[in-house]
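Here is how the chains run, residue by residue.
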Amino acid sequence: MTGSAGTGGAGERPARVRYAPSPTGDPHVGNIRTAVWAWLHARHTGGQFIVRIEDTDQARKIEGSVERILGSLEWLGLDWDEGPDIGGPFGPYVQSERLPLYHEAVERLLASRDAYRCFCTAEELDAMRERQRAEKRPPGYEGKCRAIPPTEAEERAKSEPHVIRFAVPDEGTTVCHDLLRGRIEVENSTLDDFVILKSDRYPTYHLAHVVDDHAMEITHVTRGDEWIPSMPRHCLLFDALGYERPIFVHTSIILAPGGGKLSKRHGAKSMLEYAEDGYLPDAVFNFLCITGWGYGDETVMSRQQLIDVFEIENIGLNPATFDMEKLTWMNGVYIRQTPVEELSEMIARRLEVELPPDVPRPVDRALVEAVTPLIQERIQTLAEVTPLIDFFWQSEIAPPPPEEFLQKRWKDRASDAASALERVAAATEEVEPFEAGPLEERMRSLCEELEVKAGDLFTLIRIAVTGRRVSPPLFESMEIVGRGVCVDRLRAASASLAAVSAP
RNA sequence: GCUCCCAUCGUCUAGCGGUCAGGACGGGACCCUUUCAAGGUCCAGACAGGGGUUCGACUCCCCUUGGGAGCACCA
């Protein structure tokens, strides 16, 4: 901790920022990282973080999405001050429940001639695009229905399906500002008359977000930079409606390791999948925040520290590549930082579902607590836990095949190995007290008696007792496993080796 | 095709006209060590290219190149 804290929000007005996902699936890292930053900005400035569901596309709606979106935020520890589930002073927070607001805005736009009814059919529009492509002209609505006199349009509207389009000025330029990129200027001639109200009377994103962000008094519109190209449209809408424009903050996207779009293969898993994969919320939160944004040389930062120090204007502009290995490393850091009691609770929950069914439930908590310190600094994700320590719960483990033992120093020396293990078993029976310290002491002196290197003997013991070549610290493990079981396993191993050596 | 955005080690980044271009992940070496980790020390590794501006450019401007996004009755 450098002590060189940020401004702590002093001097910054409380911001109202929103996370506005559409319920079309589970949020992925790129998407949720925007939420992390928005949340941080809200907390940093002492403002509000709002969740709004953008479900204006009835066709794409996916059942259960909202729950999973909220669940993802919750898991990450992003709490919201207003939202679909808890309401708030600017509700409702679901766009499909705000239709009258959009219709009212459309009426105003129609009245001011900033919008008009369009009766073009899908076929006509397709044909138009076809023509544009053939003539190598940029695609876009050419304004055919703009020429229809309002009275005629009103009349036809009574019986004909239609949409409402925004009438973009033919000339001039629209100047927008992005907090991170500054001035962004676009020729109006490159903008077409976009749809603001669909024929099903639902608004498009363009209209809905403008109406809602104004109504909800959003100060900062934070979203992915795929929205930059349509920002001028939004500015035009804000202006036409007489609304003050919010501060736009377009954040760059997250790229896949090889470059290109992030896909399932590359870690674009949903947030909830990270939980399943054994990642800690704080680690993912920290990591997400740090990719695409930085604070000096700091990397591992607590939630509070991040809130204190986060400055939204310092978000990086270049698209970042998702570095799965760094996430995993960071997760390891967080696991090591976690108090043992907490960690053992997490581990217990894992074991509860991952241990073989024949292990009695609930899983022995005292045992988990004893084992946790042994593996805390050896794991990077909770998913590694079970395979590492399941032997503590297996009352019977078949001795590994003799080849496991007879390597390196013990190659072709089955009978030596067998007798060494027998000596170890005998010593194990006698050690008092049966604790790691005395155990190690005894085994080391046994090494001298046997004239073998400690590592060589310990490997034999390790394989016999834990069933594997890699394990948590040997003597601590033996202490936990217990004298009886250790001796049994040692003798079993010894016997199996003796069998091999016998002619 | 048109419009827009971006550009420092392999990756995430610090830098905000004068630095030996710093840190982290990953990689390598060594130390520690009962395995595996963790920890410690050290090493390799970057300003995409070309023009300007300036006494002086990683830093400011332009072009090129490269990457990305958008051009729907999807968001």
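This text goes with the structure placed above it.
Residues numbered from 1 in each chain as written. Chains lettered and ligands numbered in written order. Predicted model: local features only at pLDDT ≥ 70, side-chain atom pairs only at ≥ 80, totals over all residues. Heavy atoms only, no water.

Regarding the protein's contact with RNA strand B
Stage number 1. Neighbouring RNA strand B are 54 residues, the closest being Gly292, Glu377, Arg378, Arg444 and Arg462.
Stage number 2. What you see for RNA strand B is that sugar and phosphate hold 66% of its atoms within 4 Å of the protein.
Stage number 3. Take isoleucine 290: an N or O atom from its main chain is 3.2 Å from a sugar or linking oxygen of RNA strand B.
Stage number 4. One nitrogen or oxygen atom from the main chain of arginine 469 is found 3.3 Å from a sugar or linking oxygen belonging to RNA strand B.
Stage number 5. Those elements that provide at least two residues to the surface near RNA strand B are helix 4 (122–134), strand 4 (163–166), strand 11 (320–321), helix 11 (324–337), helix 17 (436–450), helix 18 (454–466) and helix 19 (474–481). (Near = heavy atom within 4 Å. Polar contact = N/O pair within 3.5 Å; in protein donor to acceptor, adjacent residues only side chain to side chain. Helix = DSSP H or I, 4+ residues; strand = E, 2+ residues; numbered from the N terminus.)

Overview of the environment of alanine 167
Stage number 1. In this fold, alanine 167 is placed in the loop between strand 4 and strand 5 (173–178).
Stage number 2. Residues alanine 167 and arginine 146 lie 21 residues apart in sequence; the distance between their C-alpha atoms is 7.6 Å.
Stage number 3. Sequence-distant contacts of alanine 167, defined by excluding residues within four places in its chain, comprise Arg113, Asp114, Ala115, Tyr116, Arg146 and Asp193. (Contact = heavy atoms within 4.5 Å.)

Quick look at unusual backbone geometry
Stage number 1. That bond from glycine 91 to proline 92 is cis: its omega, -5 degrees, falls within 30 degrees of zero.
Stage number 2. Considering the arrangement of structural elements, one finds proline 92 in the loop between helix 2 (65–76) and helix 3 (99–111).
Stage number 3. Omega for the bond connecting arginine 361 with proline 362 falls within 30 degrees of zero, at -5 degrees, which places this linkage in the cis form.
Stage number 4. A positive phi angle is found at arginine 201, which is not glycine, with a value near 75 degrees.
Stage number 5. Mapping arginine 201 onto the fold places it in the loop between strand 7 (195–197) and helix 6 (205–215).
Stage number 6. We classify arginine 201 as partly exposed; its relative accessible area is 42%.
Stage number 7. Its identity is not glycine, yet glutamate 451 carries a phi of approximately 60 degrees, on the positive side.
Stage number 8. Within the fold, glutamate 451 resides in the loop between helix 17 and helix 18. (Buried < 20%, exposed > 50% of the residue type's maximum accessible area, 1.4 Å probe, protein only.)

Comments concerning the packing of helix 16 (residues 414–430) against helix 18
Stage number 1. Contact geometry of helix 16 with helix 18 gives a least axis separation of 10 Å together with a crossing angle of 75 degrees. Of the possible angle classes, the one that applies to helix 16 and helix 18 is roughly perpendicular. Facing helix 16, whose interface residues are Ala417, Ala420, Leu421 and Val424, helix 18 presents Leu457, Leu460, Ile461 and Ala464.
Stage number 2. Its residues placed into classes, the contact of helix 16 with helix 18 shows eight nonpolar, no polar and no charged. (Axes fitted to C-alpha atoms, helices over the stretch in contact; angles between N-to-C directions. Parallel < 35°, antiparallel > 145°, perpendicular 65-115°, else oblique. Nonpolar A, V, L, I, M, F, W, Y, C, P; charged D, E, K, R; others polar.)

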